[in-house]
Amino acid sequence: MTTPQPTFPDTLAGFGYTFKDGKLKNIQTGGPFVFAVRPDDNDYNQKHYEALGELVQQEVYKLVKKESGMQKAPVPLNSQPGDPQTFVFLSRDFMANEHKVLVLIQGSGAVRAGQWSRKLTINEGIEAGTQIPYMQLAQRDGYGVLVMNPNDNSQIVGTQRQSIKTSLFEHKTWFFQLTINEGIEAGTQIPYMQLAQRDGYGVLVMNPNDNSQVVGNQRQSIKLLNGSCYGILSPVLAASAPLASGVEFDKYKDDFKLRVIGVALTSSTHKIADGTGYNDLIKISRHWQTSDQPLDTELQTEENEIKRVSAGSNTHEATSQACMESVFKFFEERYRAVLEG
């Protein structure tokens, strides 16, 4: 006989939890989250945790808008009612900010826009597990902010799960492409990037439109922060290798050099097979790696690799938060270097 699937509440309060002072707390006891609600049933406990995690993500979405003033933008842009779709978060000045733009990309897995780690959000709170502190600090320092949502690539429509039009699963390849339009008044169109994952590797590609009107209204500096996204350095950013779509990414090289002035990786497991094609990327990037060494301690870096430094934490999911101040310092150094030529 098939064991029936458990059903769970559809609100945090139904689970007996609420966020208070930035922490997930038991409504009755004020205590932290407890995983083992049934000590001898790990399968149930895991499903309980995952169901709670979905509601925590919904709460994070609300907090991203409330605490950071971010706005949702639909993906795909021209989706119709009933079509599977997702969204990204934009700061209110994102379309108008011509000086500094920060792109936040969480790692693969269950997390969606606004979170670095569901585990940290549930067990340690909003400051530790979400991207909200990065959004707030970025906006304080004058950045326009784009928060990507690459893991939200399918949706249940009716009774069937459908891939979102910007996503393609084929031969273990995950393809996510986002286009952002600035509109008629701005006279520009900026397809911002493509995120792809193949055989466990993710790929980030800057893909600005070749519209002549963009020349008069360029975004002069873009920073990228990728939290544990596996393989952001697959052969696309500075090499000519084609992706599954057959697009030759070599043609984006010049625009990448023009627009992207800094790339930060946190606890990434990427591999660069041949660094010669990535020189432009390597020289503007830094990788904060898990380590028990003090923050920013230089770590051994292989030849033709991105410079590695300690994130100040030896826990994978905690690295992004642990090195946040250092990341922004690095971006400002890169920004000044570009301004000074």
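Residues numbered from 1 in each chain as written. Predicted model: local features only at pLDDT ≥ 70, side-chain atom pairs only at ≥ 80, totals over all residues. Heavy atoms only, no water.

Draft legend 1. Looking closely at the overall build of the protein. Of the regular secondary structure elements, the protein holds nine helices and 16 strands. Relative to its full complement of 341 residues, the protein shows a buried share of 51%. When contacts within the protein are restricted to residue pairs at least 6 apart in sequence, long-range pairs at least 24 apart make up 61% of them. Of the roughly 16,600 Å² of accessible surface on the protein, a fraction of 47% belongs to carbon and sulfur atoms. (Helix = DSSP H or I, 4+ residues; strand = E, 2+ residues; numbered from the N terminus. Buried < 20%, exposed > 50% of the residue type's maximum accessible area, 1.4 Å probe, protein only. Contact = heavy atoms within 4.5 Å. Areas by Shrake-Rupley, 256 points an atom, 1.4 Å probe, with all protein chains shown as cover.)

Draft legend 2. The packing of helix 5 (residues 132–140) against helix 9 (residues 324–339), seen in detail. The N-to-C vectors of helix 5 and helix 9 enclose an angle of 35 degrees; their axes lie 11 Å apart at closest approach. Crossing geometry of helix 5 relative to helix 9 is assigned as right-handed. Across from Pro133, Tyr134, Leu137 and Ala138 in helix 5, the residues of helix 9 making contact are Met324, Glu325, Val327 and Phe328. Of the residues that constitute the contact of helix 5 with helix 9, the class distribution is seven nonpolar, no polar and one charged. (Axes fitted to C-alpha atoms, helices over the stretch in contact; angles between N-to-C directions. Left-handed = near helix turned anticlockwise from the far one by under 90°. Nonpolar A, V, L, I, M, F, W, Y, C, P; charged D, E, K, R; others polar.)

Draft legend 3. Local environment of the side chain of His287. Take His287: it is sitting in strand 15 (residues 285–289). Beyond its immediate chain neighbours, meaning those up to four positions away, His287 contacts Leu265, Thr266, Ser267, Ser268, His270, Ile306, Lys307, Arg308 and Val309.

Draft legend 4. The pattern of salt bridges, seen in detail. Within the structure shown, the criterion is met by eight salt bridges. Two residues, Arg38 and Asp41, come together in a salt bridge whose shortest N-O distance is 3.9 Å. Looking at Arg38, the relative accessible area reads 42%, which means it is partly exposed. Exposure remark for Asp41: the relative accessible area of 27% places this residue in the partly exposed category. Lys307 serves as the salt-bridge partner of Glu298, at 3.2 Å between the closest nitrogen and oxygen. For Glu298, a relative accessible area of 58% puts it in the exposed group. On the accessibility criterion, Lys307 (31% relative accessible area) is partly exposed. (Salt bridge = Lys/Arg side-chain N within 4 Å of Asp/Glu carboxyl O.)

Draft legend 5. Examining the packing of aromatic side chains more closely. This model, assessed by the stated rule, comprises 13 aromatic pairs. Ring centres 5.3 Å apart and planes at 75 degrees place the aromatic pair Phe87 and Phe89 in the edge-to-face group. The burial state of Phe87 is the same as that of Phe89; both residues are buried. These aromatic residues form a ring-pair network of at least three members: Tyr17, Phe33, Phe35 and Tyr49. If you follow Lys72 out to its NZ or CZ, it ends over the ring of Tyr61, 5.3 Å from the centre. (Phe/Tyr/Trp six-rings, centres within 6.5 Å; stacked < 30°, edge-to-face > 60°. Lys NZ or Arg CZ within 6 Å of the ring centre and 35° of its normal.)

Draft legend 6. Here's a closer look at the side chain of Ser267. The residue Ser267 is located in the loop between strand 14 (260–266) and helix 7 (279–282) in this model. Among the polar contacts listed, one links the side chain of Ser267 to the side chain of His316, at a separation of 2.6 Å. (Polar contact = N/O pair within 3.5 Å; in protein donor to acceptor, adjacent residues only side chain to side chain.)

Draft legend 7. Up close: the confidence of the model for the protein. Confidence along the protein averages 74 in pLDDT terms, with 69% of residues attaining 70 or more. Scored below 50 in pLDDT, residues 167–220 shows 166 contacts in the model against residues more than four places distant or in partner chains. A low-confidence stretch, residues 228–249 stays under pLDDT 50, and its non-local contacts, those more than four residues away or across chains, total 75 contacts. (pLDDT = per-residue confidence, 0-100.)

Draft legend 8. Focus on the environment of Ser117. Here Ser117 shows up in the loop between strand 5 (101–105) and helix 3 (118–124). Linking Ser117 and His316, residues 199 residues apart in sequence, is a C-alpha distance of 9.7 Å. Separated by 3.4 Å, the side chain of Ser117 and the backbone nitrogen of Lys119 make a polar contact.

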